[in-house]
Amino acid sequence: MQTSELGINLIKEFESCKLTAYPDVVGVWTIGFGTTRIKGIPVTQGLTCTQEDAEQYLHDDLQVFEQTINSILPAPIAQYQFDACVCLTYNIGSAGFLGSTICRKLKAGNSALVSETNFTAWNKVRDSQGALVESRGLTRRRKAEYHLFSTGVVQTQFQF
């Protein structure tokens, strides 16, 4: 399976596009739509790109994360469920996804058992003292991903 325009647009909504490299919330240098590596080489401070470059980096990143999801599926899932999983994996990485409860349930063919809690478990960042704390931005993203996964509808505004 491949990510649909719906999934790509959800990723773009949360990643936004920056044409100059910047450190993300955990200090990883990032460019474009959340790209951290270009052709295997880490993004570095001072790097710039064009909008076309950013779109290509997104396309290249999607191929990696689509392969991650496709590699664990014993049977096809709905396109919108696939899109939600790619959006999650785009943010937490393939290793994070492969170690998740969501992955375990999908591998077992139990997509109906995937819950919002399985998504929102991935809403934490480390604060300046190294403690894990909830990120409202990640909570909103995880709720949007779960909403897409469970309903097929994109919703990005939630009450907290």
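1. Focus on the packing of aromatic side chains
Tallying each qualifying case throughout the model produces three aromatic pairs. A ring pair is formed by Phe65 and Tyr90, whose centres lie 5.5 Å apart and whose planes are at 65°; its orientation type is edge-to-face. Of this pair, Phe65 sits in helix H2 (residues 51–72) while Tyr90 sits in helix H3 (residues 79–98), placing them 25 residues apart in sequence. In terms of burial, Phe65 and Tyr90 fall into one category: buried. Above the ring of Tyr22, the side-chain terminus of Lys18 is found at 4.6 Å from the ring centroid.

2. Observations concerning the packing of helix H1 (residues 5–15) against H2
Between H1 and H2, the shortest axis-to-axis distance is 12 Å and the interhelical angle comes to 120°. Handedness of the crossing formed by H1 with H2: right-handed. Of H2, the residues touching H1 (which contributes Ile8, Ile11 and Lys12) are Glu55, Leu58 and Leu62. Of the residues contributing to the contact of H1 with H2, the split by class is four nonpolar, no polar and two charged.

3. Some details on the environment of Gln129
The topology assignment puts Gln129 in the loop between strand E5 (124–126) and strand E6 (132–134). For Gln129, a relative accessible area of 67% corresponds to the exposed category. Through-space distance from the C-alpha of Gln129 to that of His59 is 35 Å; in sequence the pair is 70 residues apart. A distance of 3.0 Å separates a polar atom in the side chain of Gln129 from a polar atom in the side chain of Ser128.

4. Quick notes on the pairing of strand E2 (residues 29–32)
The sheet contact formed by strand E1 (residues 18–23) and E2 spans three bridges and is antiparallel. By the bridge assignment, Pro23 is partnered in E2 with Trp29. Hairpin connection, E1 to E2: the antiparallel pair is bridged by five residues, and Gly27 has positive phi, about 90°.

5. A word on the side chain of Ser135
By the secondary structure assignment, Ser135 is in the loop between E6 and helix H6 (136–151). Discounting chain neighbours no more than four positions away, the residues touching Ser135 are Asn123 and Val125.

6. Section: the pattern of salt bridges
Summed over all chains, the structure comprises five salt bridges. The shortest N-O distance in the salt bridge between Glu55 and Lys12 comes to 3.0 Å. With Glu55 in helix H2 and Lys12 in helix H1, the pair connects residues that are 43 residues apart, well separated along the chain. Given a relative accessible area of 31%, Glu55 falls into the partly exposed group. The residue Glu145 makes a salt bridge to Arg142 at a minimum N-O spacing of 2.6 Å. Linking Glu145 with Arg142, this pair stays in helix H6, spanning three residues, or about one helical turn. The buried category is assigned to Glu145, whose relative accessible area is 0%. Taking the relative accessible area as the measure of exposure, Arg142 reaches 0% and is therefore buried. Put simply, Glu15, Arg141, Arg142 and Glu145 are held in one network by salt bridges that share partners.

What counts and what doesn't
Residues numbered from 1 in each chain as written. Predicted model: local features only at pLDDT ≥ 70, side-chain atom pairs only at ≥ 80, totals over all residues. Heavy atoms only, no water. Phe/Tyr/Trp six-rings, centres within 6.5 Å; stacked < 30°, edge-to-face > 60°. Helix = DSSP H or I, 4+ residues; strand = E, 2+ residues; numbered from the N terminus. Buried < 20%, exposed > 50% of the residue type's maximum accessible area, 1.4 Å probe, protein only. Lys NZ or Arg CZ within 6 Å of the ring centre and 35° of its normal. Axes fitted to C-alpha atoms, helices over the stretch in contact; angles between N-to-C directions. Left-handed = near helix turned anticlockwise from the far one by under 90°. Contact = heavy atoms within 4.5 Å. Nonpolar A, V, L, I, M, F, W, Y, C, P; charged D, E, K, R; others polar. Polar contact = N/O pair within 3.5 Å; in protein donor to acceptor, adjacent residues only side chain to side chain. Pairing = 2+ DSSP bridges. Salt bridge = Lys/Arg side-chain N within 4 Å of Asp/Glu carboxyl O.

Any link to function would need more than the numbers given here.
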